[in-house]
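# Overview (structure and organization)
Here are the chains, one letter per residue:
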Amino acid sequence: MTNKYKYFVANWKMFGDIKTVNSIYTVIKASKSRNFSKAKIIYCPPYTLLNTFVNKLKKTKVEVGAQNCHQSSSNGPFTGFINSKMIKKLGCKYVIIGHSESRNSGDTNILINKKIKSSLENSLTVIFCIGETFKEKKKNKTKKILINQIKKGLKNIKNIKNIIIAYEPVWSIGTGLVPKNEELLNNILFIKKFLRKNFNYKKTRVLYGGSVSPYNIKNLNEINQIDGFLIGGASQNSNKFIDIIKKSFN
Ligand code: PGA
């Protein structure tokens, strides 16, 4: 860990309802223990639960973020969308932008760049996802893809201190597959070096995401350059989520 905190971002995707929210009480309780003092826990539930999460987590150290937003920072006639201003006003501090599932539903690099800008304007911290597909990896194109996603996503953005990168190889998401430590370390260092060189910012936080579970977390934590994890499936089960956090600190 090269930063003060280690991040544990729960990405609930399109799961969860009002009944499942109560399951996070065990996480709230655990977050108060001394073991968790260096854990920054962030829940990103679906839009329908954001308000409930914000209210439930108000007096705790657990924070809330949205999973995406519209690119326009001002309100307008965009049926079905929510912008960063609304997310901020609701009491969220974070927003995930550029997740591969959002890219698959039409988020291009250009759109992602606009979304990041509008989120920063509205004082949200952006969790910016990047990562290669299996095909790209096989063709040895990983680094090229990462550079392209970073350059385009962060185009004309000078200050990246409110951006957290989540490196998520697309082939790792929901598959149970995780890159080998050597490969992962190499890519994390590559991202950090690229950002240091091109944005003159040394403290960039880079998380790993893709099939993180209580079973592989010890191994992943051997890479101390990883500043935390973006966790999908396992984060919906509070016991597993707590287990992942616990195992990251002992
Ligand atoms: P997963 O999802 O942990 O279920 O692989 C991670 C993500 O998509 O952010």
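Residues numbered from 1 in each chain as written. Predicted model: local features only at pLDDT ≥ 70, side-chain atom pairs only at ≥ 80, totals over all residues. Heavy atoms only, no water.

## Comments concerning the sheet that holds strand 4 (residues 94-97)
What counts is decided by this rule: For two strands to count as paired, DSSP must find a minimum of two bridges between them. Strands are runs of DSSP state E lasting at least 2 residues, helices are runs of H or I lasting at least 4, and numbering of each runs from the N terminus. Whenever a helix is involved, its axis is fitted only over the stretch in contact; in every case the axis is a line through C-alpha atoms, and angles between N-to-C directions fall within 0 to 180 degrees. Only heavy atoms enter the contact rule, under which two residues are in contact if any of them lie within 4.5 Å.
Strand order in the closed barrel made by the eight strands is 1-2-3-4-5-6-7-8, with parallel pairing throughout. For this sheet the average axis-to-axis angle between neighbouring strands, irrespective of direction, equals 25°. Where strand 5 (residues 125-130) lies against strand 6 (residues 163-167), five bridges are found, and the strand directions are parallel. By the bridge assignment, Val126 is partnered in strand 6 with Ile163. Together, strand 5, strand 6 and strand 7 (205-209) form the strand contacts of helix 8 (residues 181-199), whose direction differs from that of strand 6 by roughly 150°.

## Quick notes on the site of the ligand
What counts here: When we say a residue is near a molecule or strand, we mean one of its heavy atoms is within 4 Å of it. Polar contacts here mean pairs of N or O atoms no more than 3.5 Å apart (in protein, one a potential hydrogen donor and the other a potential acceptor; neighbouring residues in sequence count only if both atoms are side-chain atoms). Note on areas: Shrake-Rupley with a 1.4 Å probe; residue coverage comes only from the protein chains shown. Side-chain classes are defined by residue name, with Ala, Val, Leu, Ile, Met, Phe, Trp, Tyr, Cys and Pro counting as nonpolar, Asp, Glu, Lys and Arg as charged, and the others, Gly among them, as polar.
The full set close to the ligand counts 13 residues, and Lys13, His99, Glu168, Gly174 and Ser211 are the nearest of them. For the ligand, an oxygen atom lies 2.7 Å from a polar atom in the side chain of Lys13. If the ligand stood free it would expose 280 Å²; the protein chains cover 94% of that surface. When its residues are assigned to classes, the shell around the ligand shows three nonpolar, eight polar and two charged.

## Comments concerning the packing of aromatic side chains
Rule in force here: Centres within 6.5 Å make a pair out of two Phe, Tyr or Trp rings, where for Trp the six-membered ring is used; the pair is then stacked when the planes are under 30 degrees apart, edge-to-face when over 60, and tilted otherwise. Exposed residues in this analysis have more than 50% of their type's maximum accessible area, buried residues have under 20%, and partly exposed residues fall in between, with area computed by a 1.4 Å probe over protein chains only. Whether a charge lies above a ring is judged from NZ of Lys or CZ of Arg, which has to be within 6 Å of the ring centre and within 35 degrees of the ring normal.
A complete count under the given rule lists seven aromatic pairs for this structure. A ring pair is formed by Trp12 and Tyr43, whose centres lie 5.8 Å apart and whose planes are at 85°; its orientation type is edge-to-face. Of this pair, Trp12 sits in the loop between strand 1 (6-11) and helix 1 (25-31) while Tyr43 sits in strand 2 (residues 39-44); the two residues are 31 residues apart in sequence, bridging distant segments of the chain. Considered together, Trp12 and Tyr43 belong to a single accessibility category, that of buried residues. Taken together, the ring pairs connect Trp12, Tyr43, Phe53 and Phe241 into an aromatic cluster. The aromatic ring of Tyr5 is capped on one face by Lys40, whose charged end is 4.5 Å from the ring centroid. Note that Lys143 overlies the ring of Phe190, its terminal NZ or CZ placed 5.4 Å from the centroid.

## Considerations on the nonpolar core
Here is a general trend for soluble globular proteins: nonpolar side chains tend to be buried in one another's company. Spelled out, the test is: The term nonpolar core refers to a set of buried residues drawn from Ala, Val, Leu, Ile, Met, Phe, Trp, Tyr and Cys, joined through side-chain atoms within 4.5 Å.
Residues Tyr43 and Leu154 are the most contacted members of the largest nonpolar core, which totals 59 residues. Residue contributions to this core peak at six residues, all from helix 8. In this structure, Ile42, Tyr94, Ile127 and Ala166 belong to the second largest nonpolar core, which totals 12 residues.

## Some details on the environment of Leu111
You can see Leu111 is positioned in helix 5 (residues 109-121). Sequence separation between Leu111 and Gly153 is 42 residues; the distance between their C-alpha atoms is 8.2 Å. The contacts of Leu111, once residues within four sequence positions are left out, are Gln71 and Gly106.

## Some words on the pairing of strand 1
In regular strands, side chains alternate between the two faces of the sheet. Quick reminder of the rule: Crossover handedness is defined here as right-handed if the route from the first strand over the helix to the second strand goes clockwise, with the strands pointing away from the viewer.
The element strand 1 is extensively covered by neighbouring structure, given that six of its six residues are classed as buried. In strand 1, alternate side chains face the same way, and those of Lys6, Phe8 and Ala10 on one face and Tyr7, Val9 and Asn11 on the other are all buried. Of the strand pairs in this sheet, strand 1 and strand 2 are connected by six bridges, and their pairing is parallel. From the neighbouring strand, Tyr7 faces strand 2, where its bridge partner is Lys40. In the classification by handedness, the crossover that spans strand 1, the intervening helix 1 and the parallel strand 2 is right-handed. Direction of pairing for strand 1 relative to strand 8 (residues 228-231): parallel, over a ladder of four bridges. Across the sheet, Tyr7 pairs through a bridge with Gly228, a residue of strand 8.

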